[in-house]
Amino acid sequence: IRKSYHGFHPAPWYLCCRSLSGAGTLRWNDYDRPKEFNFASDVLDYWTQMEQEGKRGPNPALWWVNNQGDEVKWSFREMTDLSRRAANVFTQTCGLQQGDRLALILPRVPEWWLVVIGCIRAGIIFMPGTTQMKAKDILYRLQVSKAQGIMTTDTLAPEVDSLVSECPALKTKILVSDHSRHGWLDFRSLIKSASPDHTCIKSKTLDPMAIFFTSGTTGFPKMAKHSHGLALRSFLPSCRKCLQLKTSDVLWSISDPGWILAVLGCLFEPWTSGSTLFIHHLPQFDPKVIQETLFKYPITQCLAAPAVYRMILQQIPTSLRFPTLEHCITGGEALLPEEQEEWRRRTGVLLYEVYGQSETGISCGTLRGMKIKPGSMGISIPPFDIQIIDEKGNILPLNTEGNIGIRIKPTKPIGLFMCYEDNPVKTAEVECGDFYNTGDRATMDEEGYIWFLGRNDDIINSSGYRIGPAEVENALAEHPAVAESAVVSSPDPIRKEVVKAFIVLTPEFLSHDQDHLTQELQQHVKSVTAPYKYPRKVEFVPELPKTITGKIKRSELRKKEFGQL
Ligand code: BCO
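Keep in mind that what you see is a predicted model, and the values were worked out from it rather than measured. (Residues numbered from 1 in each chain as written. Predicted model: local features only at pLDDT ≥ 70, side-chain atom pairs only at ≥ 80, totals over all residues. Heavy atoms only, no water.)

Q: Could you clarify how one ought to interpret the site of the ligand in this entry?
A: Around the ligand lies a shell of 24 residues, among which Ser 463, Tyr 465, Arg 495, Tyr 534 and Arg 536 are the nearest. A distance of 2.8 Å is found between a nitrogen atom of the ligand and a backbone nitrogen or oxygen belonging to Ser 463. Contact distances for the ligand include 2.8 Å between an oxygen atom and a side-chain N or O atom of Arg 536. Within the complex, 73% of the 1,100 Å² of free accessible area of the ligand lies under protein. (Near = heavy atom within 4 Å. Polar contact = N/O pair within 3.5 Å; in protein donor to acceptor, adjacent residues only side chain to side chain. Areas by Shrake-Rupley, 256 points an atom, 1.4 Å probe, with all protein chains shown as cover.)

Q: Explanation requested: the environment of Ser 255 in the structure shown.
A: Tracing the backbone shows Ser 255 in the loop between strand E10 (250-253) and helix H10 (260-272). Taking C-alpha positions, Ser 255 is 10.0 Å from Gly 331, a pair spaced 76 residues apart along the chain. Those residues in contact with Ser 255 that sit more than four places away from it in its chain are Arg 108, Leu 261, Ala 262 and Cys 266. (Helix = DSSP H or I, 4+ residues; strand = E, 2+ residues; numbered from the N terminus. Contact = heavy atoms within 4.5 Å.)

Q: Can you help me understand the packing of helix H4 (residues 111-122) against H10 in this one?
A: Axes are the key here: two packed helices are described by the angle between their axes and the distance separating the axes. Contact geometry of H4 with H10 gives a least axis separation of 12 Å together with a crossing angle of 75°. By the criterion of interaxial angle, the relationship of H4 to H10 is roughly perpendicular. The residues of H10 that touch H4, namely those facing Trp 112, Trp 113, Val 116, Ile 117 and Ile 120, are Ala 262, Val 263, Cys 266, Leu 267, Phe 268 and Trp 271. Class assignment for the residues of the contact of H4 with H10 results in 11 nonpolar, no polar and no charged. (Axes fitted to C-alpha atoms, helices over the stretch in contact; angles between N-to-C directions. Parallel < 35°, antiparallel > 145°, perpendicular 65-115°, else oblique. Nonpolar A, V, L, I, M, F, W, Y, C, P; charged D, E, K, R; others polar.)

Q: Quick question: what am I supposed to make of the environment of Asp 440 here?
A: Tracing the sequence through the fold places Asp 440 in strand E21 (residues 435-444). Considered as a pair, Asp 440 and Arg 455 are 15 residues apart in the sequence and their alpha carbons are 4.5 Å apart. Residue contacts for Asp 440: discarding those within four places in its chain leaves Tyr 355, Gln 357, Gly 402, Asn 403, Ile 404, Phe 452, Gly 454 and Arg 455. One polar contact links Asp 440 to Tyr 355, side chain to side chain, over a distance of 2.6 Å.

Q: Would you explain H4 in this entry?
A: One full turn of an α-helix is made of 3.6 residues, so residues set three or four places apart face in the same direction. For H4, spanning 12 residues, the distance from its first C-alpha to its last is 16 Å, which sits close to the expected 16 Å at 1.5 Å a residue. Of all 12 residues making up H4, 12 are buried, and the element is well covered by its neighbours. Glu 111, Trp 112, Trp 113, Leu 114, Val 115, Val 116, Ile 117, Gly 118, Cys 119, Ile 120, Arg 121 and Ala 122 are the residues of H4 that are buried. Backbone geometry just after H4 places Gly 123 at a positive phi near 75°. (Expected span 1.5 Å × (residues − 1). Buried < 20%, exposed > 50% of the residue type's maximum accessible area, 1.4 Å probe, protein only.)

Q: Could you clarify how one ought to interpret the confidence of the model for the protein chain in this entry?
A: Should pLDDT be low for a region, the predicted coordinates there are not to be read in detail. Summing up the model confidence of the protein chain, the mean pLDDT is 94 and the portion of residues at 70 or higher is 95%. Here residues 1-21 is a poorly scored stretch, pLDDT under 50, and it has 52 contacts once near neighbours within four places are set aside; other chains count. For this predicted complex, the interface confidence reaches an ipTM of 0.96, while the overall pTM sits at 0.94. (pLDDT = per-residue confidence, 0-100.)

Q: Would you mind showing me how to read the sheet that holds strand E25 (residues 482-492) here?
A: In a beta sheet, neighbouring strands pair by backbone hydrogen bonds and run either parallel or antiparallel. Ordered in space as E25-E26-E27, the three strands form an open sheet in which the pairing is mixed. Every interior strand has two partners, whereas the edge strands, E25 and strand E27 (537-540), have only one. For this sheet, the mean inter-axis angle between neighbouring strands, taken without regard to orientation, is 25°. On the sheet, helix H17 (residues 554-561) packs against E25 and strand E26 (496-505) and is oriented at approximately 40° with respect to E25. (Pairing = 2+ DSSP bridges.)

Q: Which parts of the structure should I look at to understand the nonpolar core?
A: Soluble globular proteins tend to pack their nonpolar side chains together in the buried interior. Phe 39, Phe 90, Trp 113, Phe 187, Phe 268 and Trp 271 are the most contacted members of the largest nonpolar core, which totals 78 residues. A total of nine residues in this core trace back to one element, the largest contributor, which is H4. Counting residues in hydrophobic clusters, the runner-up holds 27 residues, among them Leu 294, Ile 316, Leu 335 and Trp 343. (Core = buried A, V, L, I, M, F, W, Y, C linked by side-chain atoms within 4.5 Å.)

Q: Before we go on, may I ask you to explain the sheet that holds strand E14 (residues 351-357) in this structure?
A: Spatially, the nine strands line up as an open sheet ordered E2-E1-E11-E10-E12-E13-E14-E15-E16, and their pairing is mixed. The strands lining the two open edges of the sheet, one partner per strand, are strand E2 (71-74) and strand E16 (379-380). With two bridges joining them, strand E15 (residues 361-365) and E16 adopt antiparallel strand pairing. Pairing of Gly 365 across the sheet is with Ile 379, part of E16.

This is the structure we're talking about:
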């Protein structure tokens, strides 16, 4: 890793770089389905070549900073070199092969990019996960995916060691740290000694590339499996219209590396266009740090969940007139029209909304320069054909509420997930006639703009996190105070929705102080599963509403929360 402030002069390159619309001057059209595609060889190595031929400015591919003043700047050539080394580490030292699975639980450290590109080069299926995960979350992921490898930092390594005996498929543990740990391979030293010569696999576009875990209403998260087509999609002309990045752009993508939004916004989108990706390590989210960073660095585009923009607007009373910021994009949850307007008023920059899921990547959006209709998520982005459908897959008339469907017949579009791995039942459940049913409710207007309304099930979207109620209920059930619980969405001015738990107490806890018990239960959930899921609201009730067959009526509780009953 090169940590240096030297040899880098921001002003000249971001003012004078050539503008190219994409790697390889747009070889494919929206509906082409090339047989082979590999992001590392087709895109990253292309920009390395452009750099070598002097056809791209001196701006780095990755520009990483942290709060301690460390800085990493890697050119495309360095990314190519280091990611080839990473591929060799995986195949030669770790014994991983094409088709093997690697659980990747890293914070925003520069190695994350080497690992993902290294995996793509070697055909290893990477499975990103948030560092908020706890031992049980990790155990589930390792077991259900039969992962052969895991890569993480010092913080989670002890958790992994505590469960490794229950994961027979796991054969390699790789640590990203300045220290070594018994039983773990040391990535930072291995990469230094690895060879930079590696022949990238010739991946078929529809070969598997990544697995994202996504929460559902019931049970444990499902494995949404994506092919290399996910990366190809960022390359297609329609998708390029979304951000319209140029080689001179500096895109700051604020998503946690555990989510698909990061794989798109922190990797495929910026590097397809040969742009600079800017990353702030941000171990804790702090709107003030975001404001300062946007003033300090020549960032031209910013991609973050609505909650990030909302929290900046709510918590920073001082100037938001950032010197170089031109374009802002948001996705992951619904954005309110008044938030969009306030962002424009205070920054002078428009905020464009995109929509997608772990299954779909970015599916629709208001493309840069297109008319913004506040409250709408924009239009369908080809090759996706989005329609509003009924429960049987019939297309509904304009301005009629229904499910957001993405056409999969006669041909599944490039970039849509392949299936829920090892789960044909759930895969079949989301097929609805000729469409993939997203489970999100919306309407479409005469101009094709899509207007989000909510979910058709019990999934909670809190500040951009998709949370399955059963995951929180299971965590609560482990506490002796909880006889039973029902977890639903509840309105919130900051996070739009938060997790609320209705809890029936066991007799021994009925006389306990309820405020104290609330805190204890919140801490308990934070300690057994990823803390972003903890119930920010708790209500103790004598009983839960149920159907005659004994099923908890979550929808009744949710409607009460939103004043719909
Ligand atoms: O709010 P609290 O302080 O009570 O609790 C927070 C944390 O303090 C706490 N926590 C975090 N790590 C912990 C911990 N507690 C104990 N041990 C730990 N190791 O847990 C709570 C976590 O909540 P949070 O993550 O929402 O934290 P925060 O700081 O409020 O962050 C705000 C946001 C906006 C940065 C965050 O909510 C966020 O990143 N949201 C966006 C999520 C996102 O990127 N979604 C996109 C998914 S992909 C997609 O939608 C497809 C689109 C194509």
